[in-house]
Amino acid sequence: QVQLVESGGGLVQPGGSLRLSCAASGTIYSINTMGWYRQAPGKQRELVAVISSSGSTNYADSVKDRFTISRDNAKNTVYLQMNSLKPEETAIYYCYADVRTSTTMFFRRYWGQGTQVTVSS
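Residues numbered from 1 in each chain as written. Predicted model: local features only at pLDDT ≥ 70, side-chain atom pairs only at ≥ 80, totals over all residues. Heavy atoms only, no water.

Asks: What is the right way to look at the pattern of salt bridges in this model?
Replies: One side chain can pair with another of opposite charge once the charged atoms of both are near each other. Tallied over the entire structure, the rule returns 5 salt bridges. With a closest N to O distance of 3.3 Å, Arg 38 and Glu 89 form a salt bridge. With Arg 38 in strand β4 (residues 30-39) and Glu 89 in the loop between β8 (77-82) and β9 (91-100), the pair connects residues that are 51 residues apart, well separated along the chain. Connected via shared salt-bridge partners are Arg 38, Glu 46, Arg 66 and Glu 89. (Salt bridge = Lys/Arg side-chain N within 4 Å of Asp/Glu carboxyl O. Helix = DSSP H or I, 4+ residues; strand = E, 2+ residues; numbered from the N terminus.)

Asks: Got a minute to help me understand the side chain of Glu 89 in this structure?
Replies: Of the residues examined, Glu 89 reaches a relative accessible area of 2% and is grouped as buried. Excluding anything up to four places from it in sequence, Glu 89 contacts Arg 38, Ser 62, Val 63, Arg 66, Phe 67, Ser 84 and Val 117. (Buried < 20%, exposed > 50% of the residue type's maximum accessible area, 1.4 Å probe, protein only. Contact = heavy atoms within 4.5 Å.)

Asks: In this structure, what is going on with unusual backbone geometry? I would like to understand it.
Replies: Both trends apply: most residues other than glycine have a negative phi, and most peptide bonds are in trans. If you check the backbone angles, Asp 65 has positive phi at about 75 degrees while not being a glycine. Along the polypeptide, Asp 65 turns up in the loop between β6 (57-59) and β7 (67-72). Taking relative accessible area as the criterion, Asp 65 reaches 83% and is therefore assigned exposed. If you check the backbone angles, Asn 76 has positive phi at about 55 degrees while not being a glycine. Locating Asn 76 in the fold gives a position in the loop between β7 and β8. Relative accessible area serves as the criterion here: at 23%, Asn 76 is assigned to the partly exposed category.

Asks: Help me understand the packing of aromatic side chains, please; the structure alone is not making it clear to me.
Replies: The geometry of an aromatic ring pair comes down to the distance between the two centres and the angle between the two planes. Enumeration according to the criterion identifies 3 aromatic pairs in this entry. By the ring-pair criterion, three or more aromatic residues cluster together here, those being Tyr 37, Tyr 96 and Trp 111. Positioned above the aromatic ring of Tyr 94 is the side chain of Arg 45, whose terminal nitrogen or guanidinium carbon lies 3.9 Å from the ring centre. Sitting above the plane of the Trp 111 ring, Arg 45 keeps its charged end 5.0 Å from the centroid. (Phe/Tyr/Trp six-rings, centres within 6.5 Å; stacked < 30°, edge-to-face > 60°. Lys NZ or Arg CZ within 6 Å of the ring centre and 35° of its normal.)

Asks: I keep staring at the nonpolar core and nothing clicks. Help me out?
Replies: Nonpolar side chains tend to gather and get buried jointly when the protein is soluble and globular. Counting residues in hydrophobic clusters, the biggest one holds 30 residues, and the most contacted among them are Trp 36, Leu 80, Met 82 and Tyr 93. When contributions to this core are tallied by element, the ones reaching two or more residues are β1 (2-7), β3 (18-26), β4, β5 (46-51), β7, β8, β9 and β11 (115-119). For this core, the element with the highest residue contribution is β9, accounting for 5 residues. Those residues in contact with Leu 80 that sit more than four places away from it in its chain are Leu 18, Arg 19, Leu 20, Trp 36, Val 48, Ala 49, Phe 67, Thr 68, Ile 69 and Tyr 93. (Core = buried A, V, L, I, M, F, W, Y, C linked by side-chain atoms within 4.5 Å.)

Asks: Explain the state of the cysteines to me, please; I cannot follow it from the model alone.
Replies: A disulfide bridge is the covalent bond that connects two cysteines by way of their sulfur atoms. Evaluation of the coordinates by the stated rule reveals 1 disulfide. Residue pairing for Cys 22: its cysteine sulfur links by disulfide to Cys 95, the two sulfurs lying 2.0 Å apart. Across the S-S bond linking Cys 22 and Cys 95, the dihedral sits near 55 degrees, which makes this disulfide right-handed. One end of the pair, Cys 22, is in strand β3; the other, Cys 95, is in strand β9, and 73 residues separate them in sequence. The same class applies to Cys 22 as to Cys 95, namely buried. (Disulfide = S-S within 2.5 Å.)

Here it is in C-alpha cells:
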C-alpha cells in the first residue's frame with residue numbers, strides 16, 4: 001500500500017507565502033507524475049500544478065509566476081511553494097502521485113488527505 005502525507009498548510013495573510021510538502025511512502029517501485037489540486041468551498045477541485053519524473057512542470061494560469069512545484073525523487077516528496085497568496089486561494093490542497101508498486105503493475109494514482117490553506121487578514 002502507498003500513503004501520501006501532506007504538511008505545511010495553515011493561515012497566512014494576503015500576499016504571504018506557504019510551502020506545502022507531500023511525502024509518499026509504502027511499497028513504491030517508481031513514481032511518475034506528482035501534483036497538486038485544490039478545492040475551495042462550493043467549488044470543483046482544480047488542478048494547480050504538476051511535475052513529471054524528469055522535472056517538467058505545468059501550472060494553472062492563475063498561479064503561474066507565483067507558485068513553484070518541485071520534487072525530491074530520493075525522498076519521494078513533492079513540494080509546492082506558494083507566494084503572493086490571495087484570499088480566493090483559500091482551499092484544501094491535495095497532492096497526488098502516480099505510483100507503480102512493482103515492475104508488473106500499472107501506475108495508479110494515490111491521494112493525500114488534504115491540507116487546509118487559509119488566506120485571510
